[in-house]
Each structure stands twice: as structure tokens, then as C-alpha cells.
Amino acid sequence: MLSVLDLFRIGIGPSSSHTVGPIRIGKRFVDSLIRENLFDQTTRIEVQLRGSLAFTGIGHATPKATLFGLMGMEPETLNPDTADASSDRVYSDKVLELGGHKTIRFDPETDLLFDYETETTLHPNEMFLQAFDQGGKVLRWQIYFSTGGGFIASQEQLEKPLEDDIVQIGGKVPFPFTSAAELLEFCRVEDKEIHQVIYENEDSMRPRAETDAALDRIAEVMMACIKRGLNTEGVLPGGLKVKRRAPGIWQKLHGSPLSNEREQLFDWLNVYAMAVNEENANGGQIVTAPTNGAAGILPSVLKHYCCGDRENAANIRKFLLTAGGIGILYKQRASISGAEMGCQGEVGVACSMAGGGLAAVWGGTPEQVASAAEIGMEHNLGLTCDPVGGLVQIPCIERNAIGAVKAANAARLALHAPSQMKVSLDQVIETMRQTGLDMSSKYKETSQGGLAVNVVEC
Ligand code: SF4
């Protein structure tokens, strides 16, 4: 069983698989050198980015993220401003503070390579890292994969995932569900809501107070991100010259009479989601929900519908636990990686999670919550990943706004639905998985098809 805290990770933009994952991989490799007493002999490191990490790595800031990891930084704690200065120094001075402990020569031109040729077989986000001694002998090499949402795995772990999963948790959980049907059955037999089942699973991993503090911190970072996005004007980095739109919409909303609801119906959800994704595109601090590219949907719904009354803390935790439980199902039964599933695996999953979380906050039964999650995915099936210029901007920013509105609609539809719906959550998750496998790699975070080839970069 995964924890909801594995899904909601604090990190930096613009991508959980291409930024957060590579940071963790870089650090993990250096930690392995220290652990195996190879660190002192290491005088050179070479990294090869393969598959989707090569094709869209530049737009997704993968080289910089890799350097952060090699310098010993961690996504949860690094300060984007000072970290950027450190990576800039690597490019200008051609030296790297390995693990933050010693300086080695490092020229990104020759030591950080984009390998477009090697076919990736286990997962499309592959990194090959090597450490050399003074004489050029390979001290250690390792292949890692960034498997989406900031999760990483070594080659060995992907080859035998059932025996050696990357995610380490404490003792056994009381409700070890592997499908939505099992989760709903636990709810029925125990007479519990979904968030209560998830809570008790989390209790077996850490004290309740720690879970609550972590959930509150996640919500705090999400809200801070919205606030920064609403108040920061300018043009996003990367060369597409995409102007930040959230501040302008926000100002218009505040200039309009609050009673103007017919026009404003979705503006609030749109503006909150866009604020987050513009911050993400700018490399700001983000919570993966469940990925960075789709990080605007849950905060938007959370802020608009769950943060305005006296039940604040309880509603926020209920929303995150329920949404997290749904996200665990996708992670366990399919994937949340755009490189594996296309955008249905990112924005689709976030929409499904947010729809379910909102239905729970609105008092839905576990079955209605599962229906909301099902609807949230059903109408994102087949959604491709085709970011223009390899940047997490077009279509990603608007797509989160659309996803937030769709999530609210999914929750409404589910609450009005008959008790037994035709399509189950398990069926739609399996359909997403099969659709993702059938999808051409052109539409899976390679920027080789779709909008990426039809929109002129200028
Ligand atoms: S198109 Fe979707 S999956 Fe692809 S980078 Fe953008 S948000 Fe992520």
C-alpha cells in the first residue's frame, strides 16, 4: 500500500517526472557512492538522459534538476531561487559541488548528455549515471527511472516490482485494498467513509498528529502557490513568451460585482488552477497532485469549495485523504505518468481525484465518491500529452483550468446519479491503462505529435 503522502509531495516545477524525479535520482546516486565508500575516489560523473527525459528534458528543466540532485539537494527543502544560482555556476564555472561535500570538474556539455537513440524498455523516463575515478575507471553505474509524480525506481526495482517496491512503509495497513471495489467493500463492512479508511491506513504508518500536520502543510503550500500565482505578473520562461494570465483574471474578478455569478461561474476555478500552473511553469514550489503538470486542479477545487467555512481543517483533510485514496488506486493499478499514459494519466487522474474529494466534502456516499472519480476520468480518456516546445505551458496551464471545472461537474453529476452506475471506477482505471498502452509514443510527453508539431514556436 502506498501512503497519500507519497502522492502529495512538495517539490518544484515544472514537472514531477522530469524535475522532481531527476533531483531524487541524482541525490540517490550520490548517496549510493557515499554508502559504498566510493565518494572520495569519484572525480567525474556522467549522466545520460534517455527517452522522454531526453526529448522534453530541456523544456522541463531536467538538466538543472539533475544538477540539483547531484549537489545533494532534495525537492522538499530546496529553495528555487538559491538553487538556480548554484546550477548557473555549474554552467559558467564547469565545477560541481558533489553531494554538497566536494568540488569536481563538471562540464554539462560533455557530462550531461541527451541520448535520443537508446530505446527505453522498462519505462520511458530513463537516466543512466556513471561515476569515474581519476584514471577514468568506472566506479559505479546505475540506471534509474522517474516513474511519474516524483516516484523513482532503479532498474532492479522495475524488473521485480512486486518483490522490491520503491515505496517503503511501516507495518501492515488495516485495509489493504487493491481496487476500488475492495475499498468500497471495506467502507460498507466497516460503515466508514473513504477518508476514514484511508486515515486508518495512514495511522499504521505514523501517528495521527503527524499525518494531520503533513496534510495541513500540503494544503498550506498549495494555497501559498495560488497566492503567488495570482500576484505575479510577467512572461513565463522557456522561449514561448507565454504571458501569465491568472493575475489579470483575478483583478477582473475583484473588479466585478460579486453577484455576477452567471458570468463568473467558472472563473474562480479557472484562475486558481492557472495560478498554480503558471507558478509551476516558472519553477516555483509546488505540490505534486498527483503530478506537477496537473498540480492546479486539486488546489483550485480545494480553495474554492473547501476553504471557506468553519469546518476548514476537517474539510481540507477529508478532501485530501479521499482524493489521495483515489490517486493510490491509479498509481497501483495503472500509472500517473504522462510519458506512459499521456495526459489522461496526469490531468485525467487529477480531475478524478478532485471530483471524488469534492463529492466526499459535499456529503456523498462512498459509492457516489467513486462515481465522481469515475466520471472525472471517463471524460478525459484518450487525452494526449503534446506540450508545445516541451514546456509545461501549452496546453498544460489551460488544461488544468478545464480539469478543475470538470472535476466540480463530475462531483455534481455523481451526487445526482442513480445508486448503481453503469461504469465502475475500476473499469475506467483499466480503460485508461489500456488506452495509454495503445497510445502512440508521439502523444506521451515526447513533443513529437499533436499541438507540439502544429503550433509554431516563436
Ligand atoms: S500535456 Fe498534460 S501530461 Fe503533458 S506535460 Fe502538459 S499537463 Fe503534463
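Calculation notes
As a convention, each chain's residues are numbered from 1 in the sequence order in which they are written. Local features in a predicted model are, by the rule used here, given only for residues with pLDDT of at least 70; side-chain atom pairs are given and counted only at 80 or more, and totals for whole chains, interfaces and linings are based on all residues. Whether a residue is near a molecule or strand depends on its C-beta atom, placed from the backbone, lying within 6 Å of it. When residues are sorted by character, Ala, Val, Leu, Ile, Met, Phe, Trp, Tyr, Cys and Pro go into the nonpolar class, Asp, Glu, Lys and Arg into the charged class, and all the rest, Gly among them, into the polar class. A helix here means a DSSP run of H or I that spans at least four residues, while a strand means a run of E at least two residues long, and both kinds are numbered starting from the N terminus. Take the residue count of a helix, subtract one, and multiply by 1.5 Å to get its expected span. Counting other C-beta atoms within 10 Å of its own, a residue is labelled buried from 20 upward, exposed at 12 or fewer, and partly exposed in the gap between, with every C-beta atom placed from the backbone. What the arc measures is the spread of directions leading from the helix axis to the C-beta atoms. We call two residues in contact whenever the C-beta atoms placed from their backbones are within 7 Å. Among buried residues, those of type Ala, Val, Leu, Ile, Met, Phe, Trp, Tyr and Cys that are joined through C-beta atoms within 7 Å form a set called a nonpolar core. A pair of strands is treated as paired once DSSP finds two or more bridges between them.

> Report on the site of the ligand, specifying residues and quantitative values.
As a structural note, the neighbourhood of the ligand is formed by 13 residues, with Gly293, Gly338, Cys343, Cys385 and Cys396 the closest of them. For the shell around the ligand, the class distribution of residues is eight nonpolar, two polar and three charged.

> Lay out helix H5 (residues 80–93) in plain terms, naming residues and giving numbers.
In this model, H5 (14 residues) spans 20 Å end to end at C-alpha, consistent with the 20 Å of a helix rising 1.5 Å per residue. Along H5, the residues that are buried comprise Ala83, Ser87 and Val90. Seen from one end, H5 has its buried residues packed into an arc of 45°, which puts them on one side. For H5, exposure combined with an orientation more than 90 degrees from the buried face picks out Asp81, Thr82, Ala85, Asp88, Ser92 and Asp93. Along its buried surface, H5 packs onto helix H4 (62–70), strand S3 (95–98) and helix H6 (108–111). Following H5 by one or two positions, lysine 94 has its phi on the positive side, about 60°.

> Account for helix H15 (residues 312–333), naming residues and giving values.
Between its first and last C-alpha, H15 extends 32 Å over 22 residues, near the 32 Å set by a 1.5 Å rise per residue. Along H15, 17 of the 22 residues are buried, which leaves the element largely enclosed by surrounding structure.

> So what about the nonpolar core? Which residues, and what values?
The tendency in soluble globular proteins is for nonpolar side chains to be buried as a group. Of all hydrophobic cores here, the largest spans 132 residues; its most connected members are Ile297, Val301, Ala354 and Leu358. The contact partners of leucine 358, leaving out residues within four places of it in the chain, are Val301, Tyr305, Phe319, Ala372, Ala407, Ala408 and Ala411.

> Explain unusual backbone geometry residue by residue, including any values.
Residue proline 14 follows glycine 13 across a cis peptide bond; omega there is 10°. Checked against the element boundaries, proline 14 lands in the loop between strand S1 (10–12) and helix H2 (16–35). Backbone geometry places glutamate 445, a non-glycine residue, at a positive phi of 60°. Within the secondary structure, glutamate 445 sits in the loop between helix H20 (425–438) and helix H21 (451–454). For glutamate 445, a count of 35 C-beta atoms within 10 Å translates into the label buried.

> How would you summarise the pairing of strand S2 (residues 44–51) if you had to cite specific residues and measurements?
The buried count for S2 comes to six of eight residues, which makes it a mostly enclosed element. Pairing analysis gives eight bridges linking S2 to strand S6 (residues 125–132), with the strands arranged antiparallel. The residue of S6 that forms the bridge with isoleucine 45 is alanine 131. Pairing geometry for S2 and strand S5 (residues 112–115), over four bridges, is parallel. What sits directly across from valine 47, in S5, is leucine 112.

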